[in-house]
Structures are given as C-alpha cells and as structure tokens.
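Remarks on the overall topology
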Amino acid sequence: MAANNVRPIRTKSDYEAALAEVERLWGAKAGTFRGDRLDVVATLIEAYEAEHYPMDPPDPIEAIKFRMEQMGLTRKDLEPLIGTRTRVAEVLNGRRRLSLAMVRRLHARLGIPAETLIRPTRAERAA
C-alpha cells in the first residue's frame, strides 16, 4: 500500500501487502501519521480477515476449561459457581447445560463473556 493510498483489501496480495505494512509500522506512536496509518491498516486487515477467515465462537465448556487452566482453578473451585461436585462434573462432561444463574456467576467471577456461555456446545450443535 502506498503511503497515502488507503483502499479496501480485496485480494490475497492486497492482504499480504497490508500485513507487511503493519510490520513496518509496528510500534509507531499513537497520534502520529504512522500511528494513524497503523490503526487504519489494522482495521482494514481485521475486516478482511472477518470476511475471509471467520472464526467460530468458542464452545462454552472449552471456554470454562481454558479459563480454569489460565487461573489455575480446579473443579472444586467451580463448585460455588456451578453447584455440587457432581453438577460440576456433569457440566464439564457435557451432560448438563449451564443454567442462567451459573452463566451469571461464571461471567462475574471468571470474566467469561455471557455470549460464549449461553451458546450451544459443539456436541449439542452436532446432534
């Protein structure tokens, strides 16, 4: 992409050129020409990637397990958020859906987006 030529990313080669430009601009100070350019090109890349390389939202159970790993939590640590040891096992093994109260507590305590927690699990979508 030329210095003043800002246009949508339409092709794979446009995309690769934009990635190269971001690499050159990386670390530019915000509010400068280079910093503003970095913001604009990064936004164009994000739009292109959303259209051409969409990502599935995370599975609720995988999101809980990932956050447990990040925070060093055990299944026992989830009992105040989900319920008894048996209930935690049922949820994490995909045999029980999350209730609204569980979703609220998991969101509030673990910071997992509620939109992620209310989605059907991969197993439910496959059924």
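Below is a summary of the structure that appears in this document.

Analysis parameters
Residues numbered from 1 in each chain as written. Predicted model: local features only at pLDDT ≥ 70, side-chain atom pairs only at ≥ 80, totals over all residues. Heavy atoms only, no water. Helix = DSSP H or I, 4+ residues; strand = E, 2+ residues; numbered from the N terminus. Rg over C-alpha atoms; globule rule 2.2 N^0.38 Å. Buried < 20%, exposed > 50% of the residue type's maximum accessible area, 1.4 Å probe, protein only. Contact = heavy atoms within 4.5 Å. Lys, Arg positive; Asp, Glu negative; His and termini not counted. Charge placed at Lys NZ, Arg CZ, Asp CG, Glu CD. Axes fitted to C-alpha atoms, helices over the stretch in contact; angles between N-to-C directions. Parallel < 35°, antiparallel > 145°, perpendicular 65-115°, else oblique. Phe/Tyr/Trp six-rings, centres within 6.5 Å; stacked < 30°, edge-to-face > 60°. 1 Å grid on protein atoms, 1.4 Å probe; cavity = no way out; pocket = protein on both sides within 12 Å on 5 of 7 lines; lining within 4 Å. Points joined across faces, edges and corners; volume = space filled by probe spheres on them. Expected span 1.5 Å × (residues − 1).

1. Focus on the overall build of the chain
- Within the chain one finds 8 helices and 0 strands.
- Order of helices (α) and strands (β) in the chain, N terminus to C terminus: α-α-α-α-α-α-α-α.
- Scaling as 2.2 N^0.38, a compact globule of 127 residues should have a C-alpha radius of gyration of about 14 Å, whereas the chain reaches 21 Å, well beyond that.
- Across its three principal axes, the chain shows a C-alpha extent of roughly 60 × 35 × 20 Å.
- By residue count, 28% of the 127 residues in the chain fall in the buried class.
- In the chain, 52% of the contacts between residues at least 6 apart in sequence involve partners at least 24 apart.
- Where the 22 positive side-chain charges of the chain centre and where its 18 negative ones centre are 7 Å apart.

2. Things to note about the packing of helix α4 (residues 75–82) against helix α6 (residues 100–110)
- Running from N to C, α4 and α6 cross one another at 125°; their axes reach a closest spacing of 9 Å. By the angle between their axes, α4 is oblique relative to α6. Across the interface between the two elements, Leu78, Pro80, Leu81 and Ile82 of α4 pack against Met102, Arg105, Leu106, Arg109 and Leu110 of α6.

3. Some words on the packing of aromatic side chains
- What the rule picks out here adds up to 3 aromatic pairs.
- Seen from their ring centres, tyrosine 15 and tyrosine 48 are 4.8 Å apart, and the 25° between their planes marks the pair as stacked. Highlighted residues: tyrosine 15 in helix α1 (residues 12–25) and tyrosine 48 in helix α2 (residues 33–52), separated in sequence by 33 residues.
- With relative accessibility at 6%, the residue tyrosine 48 sits in the buried group.
- Aromatic rings pair up to connect Tyr15, Tyr48 and Tyr53 into one cluster.

4. Structural notes on the layout of surface pockets
- Looking at the largest pocket, its volume works out to about 180 Å³.
- Those elements giving two or more residues to the lining of the largest pocket turn out to be α3 (60–71), α6 and α8 (122–126).

5. Some details on the side chain of threonine 121
- Here threonine 121 lies in the loop between α7 (114–117) and α8.
- Looking at threonine 121, the relative accessible area reads 13%, which means it is buried.
- In this structure threonine 121 touches Asp59, Pro60 and Ile61, once residues within four positions along its chain are discounted.

6. Structural notes on α2
- Given a rise of 1.5 Å per residue, 20 residues ought to cover 28 Å, and the 28 Å separating the end C-alpha atoms of α2 matches this to within 8%.
- Taken together, the buried positions of α2 are Gly35, Arg37, Leu38, Val41, Leu44, Ile45 and Tyr48.
- Elements that come into contact with the buried residues of α2 comprise α1.

7. Structural notes on the environment of asparagine 93
- Examined against the element boundaries, asparagine 93 turns out to sit in the loop between α5 (85–92) and α6.
- Separated by 32 residues in the primary sequence, asparagine 93 and isoleucine 61 place their C-alpha atoms 8.2 Å from one another.

Everything listed here is a matter of geometry and, on its own, says nothing about what the molecule does.
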